[in-house]
Amino acid sequence: MYLRYPFLLINNMLQKAILSERVLTPDGIRKAVVLIRGEIIEDILPKLPAGNFDVIDLGNSILMAGIIDPHVHINEPGRSHWEGFDTVTRSAIAGGITTLVDMPLNSSPVTTTVDSLEKKRNATQNKLHVNCGFWGGVVPGNENEIEPLIEKGVLGFKAFLTHSGIDEFPNVTEADLRKAMPIIARHKLPLLVHCELETVTVDHSNFNTDSYRDYLSSRPKKWEDDAIALMIRLCEEFGCRTHIVHLSSADSIPQIVKAKEKGLPLTVETGQHYLFFHAEEIRDGQTAFKCAPPIREKANNEKLWQALKEGIIDFVATDHSPAPPDMKEITSGNFMKAWGGISSVQFALPVLWTAGRKHGAGIEDIANWLAAKPALLPGLQKTKGRIAKGCDADFVVWDPDRSFIVTEEMIQHRHKITPYSGQQLYGLIEQTWLAGEKVFDQGKYLHLNRGKIVKR
Ligand SMILES: [Zn+2]
């Protein structure tokens with residue numbers, strides 16, 4: 001008698017059955033019913049079974065695992081006037097992203113100590129609308145912080161080989177990496193590296209500050225190629241999982257192929273903007289396009305597409321890194337002074353799909369590049385990135401055939417500047433589901449504050 005009520009309560013949790021003609025399962029797209037118990041996917045069946053369910057019929061819309069973006073600069077605390085947890089996670093919901101991993105900069109303090117990680121976690125209170133994990137930072141002299149940060153649940157580490165743009169986050173040298181990598185390797189966590197190494201000096205004296213061509217030549221491919229060569233060498237020596245963020249130089253593809261053929265624990269991401277834009281179409285003074293490494297020529301970017309389709313590049317992440325309009329030098333158009341970072345997290349899927357459909361990519365590729373593969377880097381693959389039994393019921397529902405124009409009104413980022421303004425993008429996000437609940441539907445937020453902190 002006393003057990004009856006709790007029993008009913010548990011039983012009542014098995015109430016949702018989502019039907020779609022196009023469910024993206026690890027085995028491909030199929031008509032299916034996804035049963036949800038509480039926050040978890042209970043089963044995937046060909047037909048609705050007998051029983052009492054709250055049935056949600058999506059028709060022909062695509063049901064895919066929620067997007068995971070492991071490369072986002074949230075900037076809070078300390079620089080929340082650039083971006084913050086509230087605005088970035090609202091943007092994520094609107095973009096079908098259900099898990100973000102925050103970079104250890106450009107917040108202040110930067111996440112290079114346990115104390116700063118605690119400050120960052122405290123800053124998320126009442127502002128976390130999707131799940132969020134954290135990368136720790138490796139800077140010169142903080143090797144004694146690495147294990148304490150691991151104990152507190154960081155998902156891995158990030159380092160720079162060139163100036164990061166933030167003085168509080170200095171770049172490392174090979175000597176610093178030799179101290180950090182054995183520790184990170186022991187814990188089997190990844191080290192993410194911004195690969196640019198200033199091995200050739202660039203003469204800026206004749207540069208026009210508003211010329212995109214001049215900005216592009218100020219960060220040559222050789223910087224990236226030499227940095228990647230160094231990281232491959234250290235990856236092999238220490239057996240440390242090494243991840244190259246935002247690959248832009250296609251000249252590095254052969255050395256990456258070689259390293260992967262050797263079986264080194266090396267992974268690579270590129271960014272949507274390298275796949276969507278090319279240097280030839282960026283006009284002088286358009287500093288919204290400034291990022292580092294820069295967006296290169298069309299011929300280079302076509303090679304990135306090829307490498308992505310061949311699995312040499314593992315996945316795509318936004319590197320959402322906004323700054324206020326004055327820091328982007330929107331009025332002056334000065335590329336040399338402008339903050340290097342592109343604001344884009346809300347449009348991760350439509351941008352990749354719009355460029356992808358022109359490059360022969362399929363919907364399964366999008367699920368692979370935005371959910372399944374990026375789940376591996378922070379070690380979330382057991383519960384996220386797939387529609388499979390026992391995984392978290394985090395989903396994006398989208399229509400690949402509907403398009404929209406990017407307008408300021410729809411942008412949920414703290415600042416409206418983005419190089420995607422005015423672009424027609426395919427792939428409309430219809431719904432976002434987080435832990436078994438629909439949190440976003442046709443442009444409306446249904447539930448906020450449902451995000452959780454993801455720890456290792
Ligand atoms: Zn970044």
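Look above for the structure.
Draft legend 1. Molecular detail of the side chain of Ser 61. Positionally, Ser 61 belongs in the loop between β4 (54-57) and β5 (62-65). The exposure class of Ser 61 is buried, given its relative accessible area of 11%. A distance of 2.5 Å separates the side chain of Ser 61 from the side chain of Glu 430, its partner in a polar contact. Apart from the residues lying within four places of it in its own chain, the contact partners of Ser 61 are Ser 20, Arg 22, Val 397, Trp 398 and Glu 430.

Draft legend 2. View of the coordination of the zinc ion. Donor atoms from the polypeptide that bind the zinc ion are His 71 (NE2), His 73 (NE2) and Asp 319 (OD), placed at 2.1 to 2.2 Å. As a motif over one chain, the donors of the zinc ion read H-x1-H-x245-D. What makes His 71 buried here is its relative accessible area of 1%.

Draft legend 3. How the structure looks around the sheet that holds strand β11 (residues 191-194). Ordered in space as β9-β10-β11-β12-β13-β14, the 6 strands form an open sheet in which the pairing is parallel. Strands at the two margins of the open sheet, each flanked by one partner only, are β9 (136-137) and β14 (315-316). Bridge count for strand β10 (residues 157-160) against β11 is 4 bridges, and the pairing is parallel. Bridge pairing in β11 links Lys 158 to Leu 192.

Draft legend 4. Inspection of the nonpolar core at higher detail. In terms of nonpolar packing, the biggest core is built from 104 residues, with Met 64, Phe 157, Leu 191 and Trp 398 touching the most fellow members. Looking at this core, the element that brings in the most residues is helix α7 (residues 221-238), giving 7 residues. Apart from residues no more than four positions distant in its own chain, Phe 157 is found in contact with Trp 135, Gly 136, Gly 137, Val 138, Ile 146, Leu 149, Ile 150, Ile 184, Leu 189, Pro 190, Leu 191 and Leu 192. Counting 18 residues, the second largest nonpolar core, distinct from the first, contains Val 23, Ile 56, Leu 63 and Ala 371.

Draft legend 5. Quick look at the pattern of salt bridges. Under the definition given, this model contains 26 salt bridges. The partner of Lys 120 in a salt bridge is Asp 102, and the shortest N-O contact between them spans 2.5 Å. With Lys 120 in helix α3 (residues 114-123) and Asp 102 in strand β7 (residues 97-102), this residue pair connects regions lying 18 residues apart in the sequence. We note that Lys 120, like Asp 102, is buried. Glu 236 is the partner of Lys 262 in a salt bridge, and the nearest nitrogen-oxygen pair spans 3.2 Å. Pair noted here: Lys 262 is in the loop between α8 (253-261) and β13 (266-270) and Glu 236 is in helix α7, with a separation of 26 residues, a long-range link. In this structure Lys 262 comes out as exposed when scored by relative accessible area, which is 58%.

Draft legend 6. Summary view of the packing of helix α5 (residues 174-186) against α7. The interhelical angle for the contact between α5 and α7, taken along N-to-C directions, is 40 degrees, at an axis separation of 10 Å. As summarised for this structure, α5 and α7 are arranged oblique, according to the angle between their axes. The element α5 and its partner α7 pack so that their crossing is right-handed. Residues Glu 174, Leu 177, Arg 178, Met 181, Pro 182 and Ala 185 of α5 lie in contact with α7, whose contacting residues are Leu 230, Met 231, Arg 233, Leu 234, Cys 235, Glu 237 and Phe 238. Residues of the contact of α5 with α7, tallied by class, amount to 9 nonpolar, no polar and 4 charged.

Draft legend 7. Broad picture of the pairing of strand β17 (residues 437-441). Relative to β17, strand β16 (residues 424-434) runs antiparallel, the two sharing 4 bridges. For Trp 433, the partnering residue across the bridge sits in β17 and is Lys 438. The turn joining β16 and β17, which pair antiparallel and follow one another in sequence, is formed by 2 residues; a positive phi near 50 degrees is taken by Ala 435. Bridge count between β17 and strand β18 (residues 444-445): 2 bridges; the pairing is antiparallel. By the bridge assignment for β18, Asp 441 is matched with Lys 444. As consecutive antiparallel partners, β17 and β18 are separated by 2 residues, and within that stretch Gln 442 has a phi angle of approximately 50 degrees, a positive value.

What counts as what
Residues numbered from 1 in each chain as written. Predicted model: local features only at pLDDT ≥ 70, side-chain atom pairs only at ≥ 80, totals over all residues. Heavy atoms only, no water. Helix = DSSP H or I, 4+ residues; strand = E, 2+ residues; numbered from the N terminus. Buried < 20%, exposed > 50% of the residue type's maximum accessible area, 1.4 Å probe, protein only. Polar contact = N/O pair within 3.5 Å; in protein donor to acceptor, adjacent residues only side chain to side chain. Contact = heavy atoms within 4.5 Å. Donors = N, O, S within 2.8 Å, 3.2 Å for Na, K, Ca; no water. Pairing = 2+ DSSP bridges. Core = buried A, V, L, I, M, F, W, Y, C linked by side-chain atoms within 4.5 Å. Salt bridge = Lys/Arg side-chain N within 4 Å of Asp/Glu carboxyl O. Axes fitted to C-alpha atoms, helices over the stretch in contact; angles between N-to-C directions. Parallel < 35°, antiparallel > 145°, perpendicular 65-115°, else oblique. Left-handed = near helix turned anticlockwise from the far one by under 90°. Nonpolar A, V, L, I, M, F, W, Y, C, P; charged D, E, K, R; others polar.

Spatial relationships are all this shows, so hold off on functional conclusions.
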